[in-house]
Amino acid sequence: MYKNIIQRTVIFASIAVVCLIWLSSFTVHAAVLPEDRADVMYHSYDGGGVTIDGPSVLVRKSFLDKFSVSTNYYADNISGASIDVELLASEYKEERTEYSLGMEFLNNKTLMGLGYTNSTENDYVADTFYGSISQDFFGDLSNVSISYSYGSDEISKTDDDAFGTEEATHLKYIISLTQILSKNWLMNVTLQTDVDEGFLNNPYRKYSYIAGTDALGIIRDFSPEIYPETRTSDAAAIRFKYFLPYRAALGFEYRKYSDSWEIDAWNFDINYTHPWGEYLVFDVHYRWYSQSKAEFYSDLFTSKDVQNFMARDKELSTFKDTTIGVGVTFEYEPQSWGFVEKVSVSLLYDRLSIEYDDFLDARESVIAKTAGGGEESQYSIDADVVRFFFSMWY
Amino acid sequence: MKRLSVGLLISLFFLSLMSVSGCSIKPWVKPYERTNLADPIMRFGRDPVAETYMHHVYQAREGAKGSEGGAGGGCGCN
């Protein structure tokens with residue numbers, strides 16, 4: 001494991017050093033701080049028996065022409081019962097709150113950032129620190145950004161003192177290049193490698209195994225999942241934006257992912273932005289995603305403790321999902337609102353549909369008793385995702 | 001993926017050599033030609049608060065994570 005971390009750190013450091021040599025050899029132009037703006041958003045996810053909604057507030061302000069600070073408050077109010085909860089526990093309500101604080105520092109040609117995020121649930125506390133450095137160069141045709149983050153989690157289990165507290169750590173290395181290709185083309189390439197270590201599974205979730213047979217067929221029984229304590233993953237993405245002749249933008253994204261749990265995934269997204277008149281902007285996009293299962297995933301194991309690692313987490317199964325999204329934004333630039341330069345109101349709606357290939361609806365055998373284990377129908381989710389937010393530039 | 005990282009490293013290494021050896025590449029899009037690129041509709045992740053939320057939605061439901069692209073960024077053409 002440590003060899004793996006060292007190997008990845010060396011590769012990341014090498015890329016960073018070569019980038020910095022490259023950057024330093026060009027005549028660079030001054031970077032700019034992020035724009036001052038505030039956003040207040042209501043978000044909602046409704047699907048798979050679960051409703052998650054809450055606010056998110058993001059405020060950013062620069063000062064002394066060199067610094068920019070940002071803070072974000074985010075909350076998830078979770079209610080309902082997912083298929084896992086229906087099978088193994090009772091309906092519940094839960095809240096997750098997240099606070100972030102970040103600062104950017106502009107020093108001549110370089111923009112440096114530092115940040116901290118704290119996320120708290122009644123059984124999960126996560127702290128994340130991150131740092132980044134980015135620079136425009138080569139006549140401002142290119143922007144390179146290098147980021148690193150370290151996260152530390154503490155996991156406990158509600159109503160189970162015997163579980164105690166488990167820990168997990170997460171390292172992320174990110175390098176990103178944004179390139180002007182022509183007067184109308186932009187490209188972005190991002191590479192990310194993650195190293196996760198520690199307690200990586202959900203302490204409530206259980207795998208399923210064959211416990212015998214009855215008149216319906218196989219009887220399912222359940223036992224706590226067992227995950228590996230390390231996971232290393234790599235993701236690479238390429239994105240394009242093209243400005244159309246009549247003031248509209250066409251975007252495309254392709255991402256490829258693989259990890260040490262043998263999950264291979266890829267997705268693409270095509271999006272279109274169309275301003276209408278002076279005040280309105282319409283957005284539409286389509287996203288397609290596909291992944292293969294983790295090597296230790298099975299919907300139904302042949303027996304209890306049949307192998308070292310065993311999981312029945314549907315996020316680790318083989319599945320595909322699609323998203324169709326539409327949105328409308330109303331923008332207004334007031335002439336006499338004091339320090340306010342611009343305001344906007346946006347409503348975005350996404351329909352997310354997930355079709356699982358090898359995660360079966362075990363409620364049919366365990367609760368409804370209409371099918372034997374392993375003979376249930378394939379599970380699927382249709383979810384509605386809503387984002388409604390007000391933004392102000394100053 | 002390792003091959004991809006090595007490929008990127010090699011590409012950057014040769015570009016570094018080009019730059020230190022005196023080869024100069026002139027910017028092919030002049031600052032006054034970047035009006036379209038500076039339009040807010042051309043940003044990768046136009047609204048950070050909304051973009052970050054969708055990353056969270058996918059990360060919680062998909063096995064893949066990473067390289068989602070930071071909201072903001074841009075082309076350096078402000």
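As shown above, the structure is provided for reference.
Residues numbered from 1 in each chain as written. Chains lettered and ligands numbered in written order. Predicted model: local features only at pLDDT ≥ 70, side-chain atom pairs only at ≥ 80, totals over all residues. Heavy atoms only, no water.

Participant: Sorry if this is basic, but what is going on with the overall build of chain A here?
Facilitator: For chain A, the helix and strand inventory stands at 3 helices and 18 strands. Rg of the C-alpha trace for chain A: 24 Å, near the compact-globule value of 21 Å for 394 residues, within the 12% margin. Each principal axis of the C-alpha atoms in chain A carries an extent, and together these give about 75 × 50 × 40 Å. By residue count, 50% of the 394 residues in chain A fall in the buried class. (Helix = DSSP H or I, 4+ residues; strand = E, 2+ residues; numbered from the N terminus. Rg over C-alpha atoms; globule rule 2.2 N^0.38 Å. Buried < 20%, exposed > 50% of the residue type's maximum accessible area, 1.4 Å probe, protein only.)

Participant: Teacher, can you tell me more about the interface of chain B and chain A here?
Facilitator: A common way to report how large an interface is uses the accessible area buried once the components associate. Facing 50 residues of chain B, the contacting portion of chain A comprises 88 residues. For the pairing of chain B and chain A, the buried interface totals around 5,900 Å² over both sides, and the portion due to carbon and sulfur atoms is 64%. By the criterion of area lost to chain A, the three top residues of chain B are Phe44(B), Tyr53(B) and Arg61(B), representing 13% of everything that side buries. The interface formed by chain B and chain A includes 8 salt bridges. For the pair chain B and chain A, the interface holds 25 residue pairs in polar contact (both at pLDDT 80 or more). Counting only elements with at least two residues in the side of chain B that touches chain A, the list comes to helix 1 (2-20) and helix 2 (48-59) of chain B. Broken down by element, the residue count for the side of chain B that touches chain A peaks at 11 residues, all from helix 1 of chain B. (Contact = heavy atoms within 4.5 Å. Buried area = accessible area lost by both parts, 1.4 Å probe. Salt bridge = Lys/Arg side-chain N within 4 Å of Asp/Glu carboxyl O. Polar contact = N/O pair within 3.5 Å; in protein donor to acceptor, adjacent residues only side chain to side chain.)

Participant: How should I be thinking about the pattern of salt bridges in this particular structure?
Facilitator: A side chain of one charge can pair with a side chain of the opposite charge when the charged atoms of the two come close. As enumerated under the stated definition, the model contains 32 salt bridges over all chains in all. One salt bridge in this structure joins Asp194(A) and Lys65(B), with 3.0 Å as the shortest N-O distance. Of this pair, Asp194(A) sits in strand 9 (residues 185-198) while Lys65(B) sits in the segment after helix 2, which puts the two residues in different chains. For the pair shown, Asp194(A) and Lys65(B) are each scored as buried. For Asp313(A), the salt bridge is made with Arg205(A), and the minimal N-O distance between the two is 3.1 Å.

Participant: So what exactly am I meant to see when it comes to the pairing of strand 2 (residues 50-63) of chain A here?
Facilitator: Successive residues of a regular strand alternate their side chains across the two faces of the sheet. Residues and elements named next belong to chain A. One ladder, built from 11 bridges, connects strand 1 (residues 37-47) with strand 2; its direction is antiparallel. When the bridges of strand 2 are listed, Arg37 appears paired with Arg60. The turn joining strand 1 and strand 2, which pair antiparallel and follow one another in sequence, is formed by 2 residues; a positive phi near 60 degrees is taken by Gly48. One ladder, built from 12 bridges, connects strand 2 with strand 3 (residues 67-80); its direction is antiparallel. Residue pairing across strands places Leu58 opposite Asn72, the latter belonging to strand 3. (Pairing = 2+ DSSP bridges.)

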